[in-house]
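Observations on chain architecture
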Amino acid sequence: MNPMRNPFAAAAAALALAACGPQTPDSPEAAQAPSASAVADAAREAVRPGAPGELDPLFEQAAREFNVPANLLKAVSFTETRWQMWPGLTEFEGMAPAYGVMALRGEQLARGAALAGVSEAQARTDVLANLRAGAALLSAEAEALMVDRASLGDWAPAVARFSGITHTDAQAEYVHHDVFATLRKGVVAQSAEGTVTASIMPTEVQAKFAMPSLRALAAGPDYAEAVWRPSGNYGERPAGTDISMIIIHTCESSYASCWSWLVNPDSGVSAHYVVKEDGSEISQLVSEEKRGWHIGATYDCKLNSNVDCGLTGTSVNHFSVGIEHGGSASQTSFPAGQIEASAKLSCDISRDRTILRDSYHIVAHGKLQPATRTDPGPNWPWASYLSKVQAYCTSDIIVDTNNANNDAAVAKFSASANWTKTSSTSGSYGGDYYYASVQGITDTAVFSFYLPAAATKSIEAWWTAGTNRSASAPFVIFNAAGTKLGTVNVNQQAGGSQWNALGSFSFQAGWNTVQVSRWTSSGTVVIADAIRVR
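The chain carries the name N-acetylmuramoyl-L-alanine amidase in an unreviewed UniProt entry, which gives Stigmatella aurantiaca as its organism. Within the UniProt record for the chain, the comment given under Catalytic activity (unreviewed entry) is "Hydrolyzes the link between N-acetylmuramoyl residues and L-amino acid residues in certain cell-wall glycopeptides."

Right, dumping it as structure tokens:
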């Protein structure tokens, strides 16, 4: 039996029972409730267990009292907190902490509590009081906008105002791709004991709200699977900085709220990446080369098992890449899709920046800033996360000129004493590289990689660009038998500090090589920095 069937069937039964009980006259669910089989077929998402008791009756009570569609109230709550009680943690200075299953914060919390006739303390800590405050807020927004309460789609502008998001595209994403997508898709949540705590039956509805911008979003400059939403909140890394850590954060807000806050020039904060709750989207906000403003701590190696003590006293932002995640450090668990997407991203960053893939270099925000932060919280699955990062990276081989960065079992570099090691040009792979003057001699720099079996592999090369580089630097590819497979001439005056494709070649089992030749007629020097075998 499909394990997803039980919660859906239970939820369908709950819907059937609810249909026999009191209904609000304006409730759209009664008219649009799908059949039990449709529920089983259409609901696609089951959330992690751990919701605070049975929520469905409380949602119904709050919705009925303030004449708000119950499913809409549930969908907003699901988008904000995945139906978990948030305790009010801070991630970004200037953004008030969020409380309860409705993630009420700041003035919104005070206004909602007043509208619901409860204290702010109750709205922060009591589930029903928090739901009633959220429902009262939604109702007030609907009243102000003169929403037709009987039309579920008409509630979209009220949902946008409830979100507190001011960025136009983020508002549209929140309304269409989060709240109303949840209504259409349906969700079922279970307690730790396996009983249904909250559910939304799939409902065909369209939000009456401006769609997200149709302009094509560019891919992230460092991670092609991310969408590029550039933030102006960044600075330059100090010259010669070695990017050596990845910092894992949670936003203490939804994905759309998070990235829109981090691109807001008034927020004064940023991160390089934000990963959506279900892993379906990643935003890149700051180039990895730049200094993001994602952690307010100077490094203290005593907090990190006395690793990299030479960095003690240095701003962690100087040498790290920050990944935010939609959600809260208080979560009981993290969605599998989010963990997978994040691990794949961390693999890519660590591979490109030569960051060690261990718990000392892929680090929790709270670990390095324990006085004021706890994210990503005690339930971030560190062991499986790091294993996934390693697994995503094992298929590639990177050969660096610094053999300390190489896995000696599969990668090694060698060059004669005629080649000079330097780090004079920034942007090299692993912090340094080799160069040699152009001459008509056989004196190659050799990148060697081991394959256990014959395979066709794509070869990429990394170099630092400069005007004194050869415009036709030869990369010569040999198989393990010493047979030349091809020569690729590249212009090293351009394409610096990035992977550049040389082509695909059929290699043999054993040690194959990519050699940088000095035998070329143009330019003054050739560069050997790193290759990647994919």
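After that view of the structure, there is still more to cover.
Turning our attention to the overall build of the chain. Across its full length, the chain carries 15 helices and 26 strands. Sorting the 534 residues of the chain into buried and exposed places 55% on the buried side. Within the chain, contacts between residues separated by at least 24 positions form 73% of all contacts whose residues are at least 6 apart in sequence. Summed over its atoms, the accessible surface of the chain is roughly 21000 Å², and 53% of this surface lies on carbon and sulfur atoms.

The strand order across the open sheet formed by 5 strands is E16-E19-E24-E21-E22, and the pairing between neighbours is antiparallel. Edge positions in the sheet fall to strand E16 (411–414) and strand E22 (484–490), since each has one partner strand and no second. Between one strand axis and the next, the sheet turns through 20° on average, direction left out of account. Bridge analysis of strand E21 (residues 473–478) against E22 gives 6 bridges, and the strand direction is antiparallel. Counted as the bridge partner of phenylalanine 475 is valine 488 from E22.

Of all hydrophobic cores here, the largest spans 67 residues; its most connected members are Leu73, Trp83, Val159, Phe180 and Leu262. There are two domains that each give this core at least three residues, and those are domain 1 (55–200) and domain 2 (227–393). Residues contacting leucine 262, with those up to four places away along its chain left out, are Phe92, Ser231, Asn233, Ser267, Val269, Ser270, Ala271, Val274, Leu285 and Glu324. Judged by nonpolar contacts, the second largest core, of 32 residues, contains Tyr433, Phe447, Val526 and Ala528.

Moving on: the sheet that holds strand E10 (residues 273–275). With mixed pairing, the 6 strands of this open sheet are ordered in space as E7-E11-E10-E13-E9-E14. Each having just a single partner strand, strand E7 (227–228) and strand E14 (362–364) make up the two edges of the open sheet. Here 3 bridges tie E10 to strand E11 (residues 282–284), and the two strands are oriented antiparallel to one another. Counted as the bridge partner of tyrosine 273 is glutamine 284 from E11. In the packing of helix H11 (residues 255–262) onto the sheet, the strands contacted are E10, E11 and strand E13 (320–325), and the crossing angle to E10 comes to about 170°. Strands in contact with helix H13 (residues 336–353) are strand E9 (245–248), E10, E11 and E13; relative to E13, the strand with the most contacts, it is inclined by about 170°.

About the thresholds
Residues numbered from 1 in each chain as written. Predicted model: local features only at pLDDT ≥ 70, side-chain atom pairs only at ≥ 80, totals over all residues. Heavy atoms only, no water. UniProt positions renumbered as here; feature names shortened; annotations may be inferred. Helix = DSSP H or I, 4+ residues; strand = E, 2+ residues; numbered from the N terminus. Buried < 20%, exposed > 50% of the residue type's maximum accessible area, 1.4 Å probe, protein only. Contact = heavy atoms within 4.5 Å. Areas by Shrake-Rupley, 256 points an atom, 1.4 Å probe, with all protein chains shown as cover. Pairing = 2+ DSSP bridges. Axes fitted to C-alpha atoms, helices over the stretch in contact; angles between N-to-C directions. Core = buried A, V, L, I, M, F, W, Y, C linked by side-chain atoms within 4.5 Å. Domains from an automatic or database assignment.

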